[in-house]
Amino acid sequence: MAGLDLEELSTKYEGYFTPIVRVMVGEDDVETDKKISVKVTDVMVQVTSDYKASIAEYTLRFSYNFNNGSFYTKELKKYICMGTAIKIYMGHGSSITEVFTGFIAGVHFLYEATDVEASGIRITALDIKGIMMANNSSKRLKANYYSDAVKEILDQAPYQTLKNNEGITSITITDTPDKPGGGAGGSAPSGGGAQGGGQADNRLEMVAESDYEFVIKAAKKFNYEFFTIGGNVVFRKAKANTQNLGEIKPHGSILGYDINYDITGVVGEVKVRTMDIGKASKIEVKKKNNNKFSLGSKAKPLIKDQAYVYIDSAIESQKDAENRAAYILEETSYRLGSIRMKFKGIPEFVPGRFIVLKDFGDAASNRFYITDVTHEYDGLFYTTTIEGKASTL
């Protein structure tokens, strides 16, 4: 399949009549374990390219013994052990696709006397970001450049353990603009403090921040993204994958949608200002928003003279200012359009990709960048909801 096609997917998933979910804890599927008879239900998986962790939740039904008032924790020990890697697959009929990779982060034992069906063990799983948010450090790193710093952080023991346990399947880090030549061929200087010749120590520092906060700071500095898809960890230039995931036309697999445009917060220009202390001169970068804001001509005059002025003493160079201006302009521009569209369950939808809506009418037909995908299964029905944004008409 060249691109995501709803008609082809309807055939692949046999009309979406028989939803299926598989939760693999380590190497094992809890529903096929002959020692205990439980059912996975109330599944919710949310994967995102935004600055938050992806999360999955599901309930193990029939995990409570109503005869003696206890849970089958002994029999289910390996399926509820926190820190264990999990993979979730969803689909229909005989076709399933991986939608989440992470680790068990929380276990809830739920009992409800008035609703026995509500009793069970509720599992919460997170991707790598869940671990990265926990610590807090003030230290000097070995790296001189931000992409190398991200690599250094992800080489630490907790993340390598997660990788060894297949909670992470791959890590892809694109060199940041601060690395000479984009980092092609050649390594960062060793740093290591002012030595014989008085060379300055340019190693990066973490200052009372978590690994996650440091990586997100680097992402925002250079207009980068940091997210995971199916265990694949990605640190890259924002919206770098410009190839469309697919073309969406009106189809029976669409259960509903809300496409919205709002000029509130959209500006016609971004200005970034700072001082170059070494040269005692002002640095200023201006970037114009030349996008189309409306089908008519009334909106542009309201927006074009609106400016977002950003002043930050932490910006050290013209290049830094340009990167920050690009990030701010993109963020404000993508406030214009939003989409929330619900489908019969389609695991092929992933964040960090563009889709094109066609034949929905003017303005509604547009190109959107998917930021969030939510898969839900209640034991009977499986649905997928995508959320995205657009910067222009």
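Residues numbered from 1 in each chain as written. Predicted model: local features only at pLDDT ≥ 70, side-chain atom pairs only at ≥ 80, totals over all residues. Heavy atoms only, no water.

1. A look at empty space enclosed by the protein
Where empty space is left in the structure can be found by rolling a water-sized probe over the atoms. Going through the model one piece at a time under the given rule, you end up with one cavity of 30 Å³ or more. Estimated volume of the largest cavity: approximately 40 Å³. Taken together, Val47, Ser54, Val99, Phe100, Thr101, Asp127, Thr228, Ile229, Gly230 and Gly231 make up the full set of residues lining the largest cavity. Contributing elements (two or more residues each) for the lining of the largest cavity: β8 (95–110) and β13 (224–229). Residue contributions to the lining of the largest cavity peak at three residues, all from β8. (1 Å grid on protein atoms, 1.4 Å probe; cavity = no way out; pocket = protein on both sides within 12 Å on 5 of 7 lines; lining within 4 Å. Points joined across faces, edges and corners; volume = space filled by probe spheres on them. Helix = DSSP H or I, 4+ residues; strand = E, 2+ residues; numbered from the N terminus.)

2. With respect to the sheet that holds strand β14 (residues 232–237)
The mixed open sheet is built from three strands, whose spatial order is β11-β14-β13. Every interior strand has two partners, whereas the edge strands, β11 (170–173) and β13, have only one. Sheet twist, expressed as the mean angle between neighbouring strand axes with direction ignored, is 10 degrees. Of the strands in this sheet, β11, β13 and β14 touch helix α4 (residues 146–154), which is tilted by about 165 degrees from β11. Packing of helix α6 (residues 211–222) onto the sheet brings it into contact with β13 and β14, and relative to β13 it is tilted by some 130 degrees. (Pairing = 2+ DSSP bridges. Axes fitted to C-alpha atoms, helices over the stretch in contact; angles between N-to-C directions. Contact = heavy atoms within 4.5 Å.)

3. Considering the side chain of Asn289
Assignment of secondary structure puts Asn289 in the loop between β18 (281–288) and α7 (299–304). A distance of 3.1 Å separates a polar atom in the side chain of Asn289 from the backbone oxygen of Val267. At 3.1 Å, the side chain of Asn289 and the backbone nitrogen of Asn291 are in polar contact. When near neighbours in sequence (up to four residues on either side) are disregarded, Asn289 contacts Val266, Val267, Gly268, Leu329 and Ser333. (Polar contact = N/O pair within 3.5 Å; in protein donor to acceptor, adjacent residues only side chain to side chain.)

4. Notes on the packing of α4 against α6
Axis separation between α4 and α6 bottoms out at 10 Å; the angle between their running directions is 155 degrees. By the angle between their axes, α4 is roughly antiparallel relative to α6. Considering only the axes of α4 and α6, their crossing is left-handed. Two secondary-structure elements touch here, α4 through Tyr146, Ala149, Val150 and Ile153 and α6 through Asp211, Phe214, Val215, Ala218, Lys221 and Phe222. (Parallel < 35°, antiparallel > 145°, perpendicular 65-115°, else oblique. Left-handed = near helix turned anticlockwise from the far one by under 90°.)

5. A word on the sheet that holds strand β17 (residues 269–276)
One open sheet accounts for three strands, arranged β18-β17-β19; its pairing is mixed. The sheet terminates laterally at β18 and β19 (307–311), the two strands that pair on one side only. Each strand axis lies, on average, 15 degrees off the axis of its neighbour in the sheet, ignoring direction. Sheet analysis places β17 next to β18, joined by eight bridges and oriented antiparallel. Bridge assignment links Arg273 to a residue of β18, and that residue is Glu284. Where helix α8 (residues 318–333) meets the sheet, it contacts β17, β18 and β19, and its direction lies at approximately 30 degrees from that of β18.

6. Details of the confidence of the model for the protein chain
The predicted model of the protein chain averages 91 in pLDDT, with 95% of residues at 70 or higher. Across residues 183–197, where pLDDT falls below 50, the model places 20 contacts with residues more than four positions away in sequence or in other chains. (pLDDT = per-residue confidence, 0-100.)

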